[in-house]
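Analysis of the macromolecular model
Here's the letter readout for the chains.
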Protein chains: 6
Amino acid sequence: MRISIVNPNSTRSMTETIAHAARQAAARGTEILAYQNDAGPISIEGHVDGALAVPGLLHALAIAERDGADAHIIACFDDTGLEAARSILKGPVIGIGEAAARMATLVARRYSVITTLSVSVPILEDNLSRAGLSSLCASVRASELPVLALEADPEAANAKISEEIARAIDEDGAEAIVLGCAGMADFAASLSERHGVPVVEGVSAAVKLMEAAVTLGLKTVKRGGYATPRPKDQGFVYPDGMIGYTESAPVLEPVE
Amino acid sequence: MRISIVNPNSTRSMTETIAHAARQAAARGTEILAYQNDAGPISIEGHVDGALAVPGLLHALAIAERDGADAHIIACFDDTGLEAARSILKGPVIGIGEAAARMATLVARRYSVITTLSVSVPILEDNLSRAGLSSLCASVRASELPVLALEADPEAANAKISEEIARAIDEDGAEAIVLGCAGMADFAASLSERHGVPVVEGVSAAVKLMEAAVTLGLKTVKRGGYATPRPKDQGFVYPDGMIGYTESAPVLEPVE
Amino acid sequence: MRISIVNPNSTRSMTETIAHAARQAAARGTEILAYQNDAGPISIEGHVDGALAVPGLLHALAIAERDGADAHIIACFDDTGLEAARSILKGPVIGIGEAAARMATLVARRYSVITTLSVSVPILEDNLSRAGLSSLCASVRASELPVLALEADPEAANAKISEEIARAIDEDGAEAIVLGCAGMADFAASLSERHGVPVVEGVSAAVKLMEAAVTLGLKTVKRGGYATPRPKDQGFVYPDGMIGYTESAPVLEPVE
Amino acid sequence: MRISIVNPNSTRSMTETIAHAARQAAARGTEILAYQNDAGPISIEGHVDGALAVPGLLHALAIAERDGADAHIIACFDDTGLEAARSILKGPVIGIGEAAARMATLVARRYSVITTLSVSVPILEDNLSRAGLSSLCASVRASELPVLALEADPEAANAKISEEIARAIDEDGAEAIVLGCAGMADFAASLSERHGVPVVEGVSAAVKLMEAAVTLGLKTVKRGGYATPRPKDQGFVYPDGMIGYTESAPVLEPVE
Amino acid sequence: MRISIVNPNSTRSMTETIAHAARQAAARGTEILAYQNDAGPISIEGHVDGALAVPGLLHALAIAERDGADAHIIACFDDTGLEAARSILKGPVIGIGEAAARMATLVARRYSVITTLSVSVPILEDNLSRAGLSSLCASVRASELPVLALEADPEAANAKISEEIARAIDEDGAEAIVLGCAGMADFAASLSERHGVPVVEGVSAAVKLMEAAVTLGLKTVKRGGYATPRPKDQGFVYPDGMIGYTESAPVLEPVE
Amino acid sequence: MRISIVNPNSTRSMTETIAHAARQAAARGTEILAYQNDAGPISIEGHVDGALAVPGLLHALAIAERDGADAHIIACFDDTGLEAARSILKGPVIGIGEAAARMATLVARRYSVITTLSVSVPILEDNLSRAGLSSLCASVRASELPVLALEADPEAANAKISEEIARAIDEDGAEAIVLGCAGMADFAASLSERHGVPVVEGVSAAVKLMEAAVTLGLKTVKRGGYATPRPKDQGFVYPDGMIGYTESAPVLEPVE
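These figures come from a predicted structure and were not determined experimentally. (Residues numbered from 1 in each chain as written. Chains lettered and ligands numbered in written order. Predicted model: local features only at pLDDT ≥ 70, side-chain atom pairs only at ≥ 80, totals over all residues. Heavy atoms only, no water.)

Let us now look at the overall build of chain A. Within chain A, the regular secondary structure consists of nine helices and eight strands. Taken over 256 residues, chain A has a buried fraction of 68%. When the accessible surface of chain A is totalled, it reaches about 8300 Å², and 49% of it is carbon and sulfur. (Helix = DSSP H or I, 4+ residues; strand = E, 2+ residues; numbered from the N terminus. Buried < 20%, exposed > 50% of the residue type's maximum accessible area, 1.4 Å probe, protein only. Areas by Shrake-Rupley, 256 points an atom, 1.4 Å probe, with all protein chains shown as cover.)

Here is the structure:
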């Protein structure tokens, strides 16, 4: 099967890291198609970055489905554009935030999320609420590390995240930890060992859930909020029939 | 004071209707600045239309604040882009969906929303939940009338909406009705009289709430999810310093 | 338009302060009719004071409607007697507690209330829950300042309230503050500036919301819990046909 | 032990019915002191009747405690004045609405309440919510029988109530029924047999719960919202030191 | 009347303590039948102990009903096997955990539970949620005292529990305390006096609630989840017709 | 990897059906170890059957882990004994009820469960609530088909289930269906096609989720309610060191 993973931001190093992590997690027989949203901001921190990233992200996802992807992953912990993506795609689609939280609930009663900046906290809380994942969430904590700082000084980042994990366990009653940014993935195993609780990273969680959904033959329902958009009679159509917001959108190629 | 009202879609007749309704509701001394999102779809029906409308909408709102608006109204019942708008604007901002529901709770214990298509129902439910307005909401009902059908055959639309109102009162226990589309505004008074319950329309509700907020000196807090976005070092900046997603965005002029 | 504001307690200095604040907030063209409940306790602190204040308060509100008031404000942060008032009045009516919380939700995701004594905390929590305002409420905190102490030593009161605001922001995640007593109104602007969050005061919030409701033509629904009380065949009727609990209730005159 | 039961309304026949039912339910050794609120309306139907009944009811309860009552029952299904009563009384106090719902939850997962008029439905819903009894409540249904109609034509009333019980079981999933008015008590046994579900009546439920509380030595906590009211320096004090709203309140004698 | 109380564990000294406490709380005319689950673990600490205790517990309860018990008490704070017990018994049945929490809500707005080990906290939280008692629960705190340690060193246990009570009041806003283990019963009165809040113990609370239910003629509904189990055609039937899991279960005799 | 699947009941034909379904769903490289609980009832319908099945089920799961299983599936839609199982097993474990609901939430906003008998409805509702899956659940509906009737007359069963699915979609707003019994698995694909919504079956969903968890290296946390049970000093230990309730438990062999 083919699973697409789209980085909603335009930072190449993150796209490559994400693609690598997805390929590590994939089963034999799963091909990962990785895309980058060149029309997006360099990182997604808060409502505005997220909103501006969505049109390009939807374009990339439409390309991915045309390229044969059976399922799709939005590689931002904010699950940017997830609901809109579910409306235009035939295959199932998940964001790495929702994916990580779903896996955490399999092995613990209450989990906490450690994310980057506090500007993202209400976004994550809204996403968890919408996905029915709030009642088991002990807390969403911000490490106040900007997304790109994770790449710049991983050791300092690791220490700061570890500190927040300790607080989530002690003060909030967390029994599992969800790492709330794609860039934290490498820390999962050592943090789990140090703190004695499961630590879930979103890219790999999303790959396994999408593999599961494809194997089970599940596709996003085309009813209710996910009904296929009615065609609009002006603009908003790509030459190849996909929904979009401008005819000048770039033709994307998967990242190898 | 100056209040901006932005139509997130690109249909001129709707922009004019909205601007007219806002000016009718405004107090003496309130100037209404109306804008149209020419980069948006012709109507907003569902997640995708909404997502694609946001960048242009944010651009229009930024223009509005530059033009001196003290508060802002997003004239789509889906409250398209509201959270992102609150992050970039100094003045208070509201969507007509949230505004109408807030006013309904002043005069009844439980209200129902009658919207256009069922594709919008989960969006409205999510918005009400996020705004803390769910617990008093008896139901969100779809009339299955497309947005533009309201303009095409108002009489048939009125009959269909009246039927849904009767059901909301009888089956769901609604004590007030929120008309879930800007195009339904003219029906409010007669529907209220016929059904014996308050019927609230969003544009006028939003104008009065924004007038109230400005008079009270309230501005959107710049903390948490509404913190001002950190500047990104590539793209995403307008020549005049406002946040945007492309340098080629059109310069908007208010609609008279 | 005419808006009545009724002080449910019998302390003249508070009635005058409240009337002044309401007139400050009112738009040109809005006449404020202020009443004092001479049959009430000197201040309302807890369930018993509140319960004993209601009959006189309802009497005053009925007088106000007879005097031509289009909308009504109950000037106690406990929203004393609000549900009963909605049952007897044609115009919309609000308490200053509900009004302040509603305005706070326009400019922040989560707000905290700083009230006087802890005896009032469950009352405010119940009111917010009934009004659908709980899910956005970060906390209700008591300063343990009695109502009348606010008048006696405003500076000390201000310091104590400021301290609680700091805690609400730091410990509870508040992004806006609601001042939970009519006597705290003068502190709002300076506290907002000091703490960098919106600070909402109830009297002015209530005036603006009632002006908005009247302009929109909204009246309290006469169904469900707000249905007009069935006439009882003994006692409980005023000579002028208004509902009451004794024929000897005094004829009230508005406070100038 | 001594348990007081106060009829918040002024209808003597109801007071006698209630006193009789309480004495039937009482254990040997329990003395029932019954009082009538002569200052109350003839029946309590909705917010206004309830609000006007409270001062006299509190007076009666204070008399009851002076007369040696160890616990107290408010004999109106609306639990009129319950929170205020808990603030002034040393012994535990319950309303018959809360009592019946509490007993129903011992023998079924979900219960429905059948009350008199729809004007009372939001009051009962608020009471159940405040008492933590909402999540197990399948529905609150109104038979639209006025309180005094139950006395006037018991057979017709029984048929109407039975019809609502059938609907509660079939449509709402009720597994037990709470009879929502003191006047329905005689119907409980036969309705239970006919419908095959427990049917709980409030007066007897309240007597048994108060007997239980007294035996266990439980008294209402004097903290938080139930803290003893601070003395006010004018009016509002009875000659014998009890809290009240006028010095001319009548001296009550228990009803035999 | 006859009320059975079953100790789900096999520790004789606890059975005797429980039987003694129940007989102390019982009214004249109430006979307490006490049973011990010899097929159970020596104490119940967590999910596994509880699960393994249930078959023997159900057997004991069936014996108790055959012996003429009108109502039943499960004497473990985890309310072990309560739902299954309600399915096989005609009389009402309660666990001491649910009983204590129900009595606490009669005299305070919010209560906290102090239990033994943290392994039991999620069990208690689930039980309270299922019983509709969560919304008034301020916290469930573990003293980390094993069940049998309460017997071994009561003074140290008392000190540790008192410490947790102080925290529940100060940090969680508790206004009443529920002692979360049968072995803590003797401490209730002195702890209540020391901390100035009601302290409820489960065995006596359960006895009084079951006496109340029997007097009111209430029996567990035989519908929904409590419907009588359909007979299985192999195994699972006792010689005397009671449901069970093996024919070799011992014949139990009440403990004197 | 090795995944165990345990049928908590003693019906061989169901064990074989379940084992077959699991092997169909398993990835290459996944070995399915299937066990049958010979000490359980012939089917699990309601609280009592479930409670009696748990000791044998835990025994079988302990055997499975000794046999090298990396993860575990409880093959009853009631998720019988799931919490206790998580306390004794190192690997992750899931019930087919929770598994199916989790997969449904990936492809639809709201799902309904169609189960067998109404006696199971509260059990499923409690499980969904505990697992944080309630808020997205539109309804749990009973077809009133006993478990073994599904095998006896599959065509009639299919028709009845299809009817309930139609009602769930039309009346409850379901957008996906969870088949609430292991015996319904074969109907999933045709029902999905007929009704145009995803239909999820639990055995295959559980296999894929456990494969995902094992690949991600996730193990159940050993804290809180899932902490390893403290050893008891009498009985309750298997010869091979596993926890149990009697030394005479049979040695189980996997079903081929």
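There's more to say after this.
This brings us to the sheet that holds strand S4 (residues 93-95) of chain F. All names here are of chain F. Spatially, the four strands line up as an open sheet ordered S2-S1-S3-S4, and their pairing is parallel. The sheet is open, and its two edges are formed by strand S2 (31-36) and S4, each paired on a single side. Neighbour-to-neighbour, the strand axes of the sheet open up by a mean angle of 20°, direction not taken into account. Sheet topology places strand S3 (residues 71-74) next to S4; three bridges connect them, and they run parallel. Its bridge partner lying in S4, His72 is registered against Val93. Together, strand S1 (2-7) and S2 form the strand contacts of helix H1 (residues 12-25), whose direction differs from that of S2 by roughly 165°. (Pairing = 2+ DSSP bridges. Axes fitted to C-alpha atoms, helices over the stretch in contact; angles between N-to-C directions. Contact = heavy atoms within 4.5 Å.)

What follows concerns the sheet that holds strand S6 (residues 137-142) of chain A. Residues and elements named next belong to chain A. What the four strands build is an open sheet, ordered S6-S5-S7-S8; its pairing is parallel. Looking at the sheet topology across the chains shown, the edges are occupied by S6 and strand S8 (199-201). Between one strand axis and the next, the sheet turns through 20° on average, direction left out of account. Two strands pair when backbone bridges link them, and strand S5 (residues 111-115) and S6 are joined in this way by five bridges, in the parallel orientation. Across the sheet, Tyr111 pairs through a bridge with Cys137, a residue of S6.

With respect to the helices and strands, the residue E:Ile18 is situated in helix H1 (residues 12-25). On a C-alpha basis, the gap between E:Ile18 and E:Cys76 in space is 9.8 Å, while along the polypeptide they are 58 residues apart.

This next bit is on helix H9 (residues 202-215) of chain E. All names here are of chain E. Relative to the 20 Å expected for 14 residues at 1.5 Å per residue, H9 spans 20 Å between its end C-alpha atoms, a close match to the ideal helical length. Counting buried residues in H9 gives 12 out of 14 residues, a clear majority hidden from the surface. All of the buried residues along H9 are Gly202, Val203, Ser204, Ala205, Ala206, Val207, Lys208, Leu209, Met210, Glu211, Ala212 and Ala213. Gly217 lies just past H9 and shows a positive phi near 75°. (Expected span 1.5 Å × (residues − 1).)

Right, let's get into the interface of chain A and chain F. Between chain A and chain F, the residue contacts involve 44 residues of the former and 44 residues of the latter. Both sides together, the interface formed by chain A and chain F hides about 3300 Å², and carbon and sulfur atoms give 65% of it. Summed over the shared surface of chain A and chain F, the result is two salt bridges. Here A:Glu83 and F:Arg109 are joined by a salt bridge, their closest N and O atoms 2.5 Å apart. Linking chain A with chain F are six residue pairs in polar contact (both at pLDDT 80 or more). If you list the elements that add at least two residues to the side of chain A that touches chain F, you get helix H3 (82-88), strand S4 (93-95), helix H4 (96-104), S8 and helix H9 (202-215) of chain A. Partitioning the side of chain A that touches chain F into residue classes produces 24 nonpolar, 10 polar and 10 charged. (Buried area = accessible area lost by both parts, 1.4 Å probe. Salt bridge = Lys/Arg side-chain N within 4 Å of Asp/Glu carboxyl O. Polar contact = N/O pair within 3.5 Å; in protein donor to acceptor, adjacent residues only side chain to side chain. Nonpolar A, V, L, I, M, F, W, Y, C, P; charged D, E, K, R; others polar.)

On to the nonpolar core. Counting residues in each nonpolar core, the largest one holds 140 residues, and the members touching the most others are B:Tyr111, B:Ile161, C:Tyr111 and C:Ile161. The contact partners of B:Tyr111, leaving out residues within four places of it in the chain, are B:Ala101, B:Ala104, B:Thr105, B:Leu128, B:Leu133, B:Leu136, B:Cys137, B:Ala138, B:Ser139, B:Ala174, B:Ala176 and B:Val178. (Core = buried A, V, L, I, M, F, W, Y, C linked by side-chain atoms within 4.5 Å.)

Superposition of chain A onto chain F requires a rotation of 180° combined with a translation of 0.0 Å along the rotation axis, giving an RMSD of 0.0 Å. Look at the turn and shift together and you get a two-fold axis relating the two. Across chain A, the rotation axis passes nearest the C-alpha of A:Gly132, at a separation of 3.3 Å. Both copies present the same face, since 100% of the interface residues in chain A are matched by interface residues at the equivalent positions in chain F. (Least-squares fit on C-alpha atoms with pLDDT ≥ 70 in both.)

The next thing to look at is the pattern of salt bridges. Summed over all chains, the structure comprises 96 salt bridges over all chains. Across the pair F:Glu83 and F:Arg86 runs a salt bridge whose closest N-O atoms are separated by 3.6 Å. Taken as a pair, F:Glu83 and F:Arg86 lie in helix H3 (residues 82-88) at a separation of three residues, close to a single helical turn. By relative accessible area, which is 7% here, F:Glu83 ends up buried. Note on F:Arg86: relative accessible area 4%, which makes it buried. Through salt bridges with shared partners, a single network forms among A:Glu83, A:Arg86, A:Glu98, A:Arg102, A:Arg130, B:Asp126 and F:Arg109.

For the rest of this paragraph, the subject is the packing of helix H7 (residues 154-172) of chain D against helix H8 (residues 188-195) of chain D. Residue and element names in this part refer to chain D. Between H7 and H8, the least distance of the axes is 11 Å, while the angle of their chain directions is 40°. Classified by the angle between their axes, H7 and H8 sit oblique to one another. Of the two elements, H7 crosses H8, and the hand of that crossing is right-handed. Residues Asn158, Ile161, Ser162, Ile165, Ala166 and Ile169 of H7 pack against Ser190, Leu191, Arg194 and His195 of H8. Looking at side-chain class alone, the contact of H7 with H8 contains five nonpolar, four polar and one charged residues. (Parallel < 35°, antiparallel > 145°, perpendicular 65-115°, else oblique. Left-handed = near helix turned anticlockwise from the far one by under 90°.)

The subject of this paragraph is unusual backbone geometry. Residue and element names in this part refer to chain A. In this structure, Asp79 takes a positive phi of about 55° despite not being glycine. If you trace the backbone, Asp79 turns up in the loop between strand S3 (71-74) and H3. In this structure Asp79 comes out as buried when scored by relative accessible area, which is 4%.

Turning next to the side chain of F:Thr15. All names here are of chain F. As for its position among the elements, Thr15 is in helix H1. Of the residues examined, Thr15 reaches a relative accessible area of 2% and is grouped as buried. Polar contacts involving the side chain of Thr15 include one to the side chain of Gln36, which spans 2.6 Å.

Moving on, we come to the confidence of the model for chain A. For chain A, mean pLDDT is 88; residues scoring 70 or higher make up 89% of the total. Counting contacts from residues 233-251 of chain A, a segment whose pLDDT is below 50, to residues more than four positions away or on other chains yields 35 contacts. (pLDDT = per-residue confidence, 0-100.)

Attention now moves to the packing of helix H9 (residues 202-215) of chain D against H9(E). At a minimum axis distance of 9 Å, the contact between H9(D) and H9(E) shows a crossing angle of 155°. One finds that H9(D) runs roughly antiparallel with respect to H9(E). Crossing of H9(D) against H9(E): the hand is right-handed. Between H9(D) and H9(E), the contacting residues are D:Lys208, D:Leu209, D:Ala212 and D:Thr215 on the first element and E:Lys208, E:Leu209, E:Ala212 and E:Thr215 on the second.

It is worth spelling out the pairing of strand S6 (residues 137-142) of chain B at this point. Most of S6(B) is tucked away, with six of its six residues classed as buried. The parallel pair strand S5 (residues 111-115) of chain B and S6(B) is bridged by helix H5 (residues 121-130) of chain B, and the resulting crossover is right-handed. (Right-handed = clockwise from strand over helix to strand, strands pointing away.)

All names here are of chain B. Burial along strand S3 (residues 71-74) is two-sided: the residues Ala71 and Ile73 and His72 and Ile74 are all buried. Both strand S1 (residues 2-7) and S3 contribute to a ladder of four bridges, which runs parallel. The partner of Ile3 across the bridge, within S3, is Ala71. Crossover connection from S3 via helix H3 (residues 82-88) to parallel strand S4 (residues 93-95): handedness right-handed.

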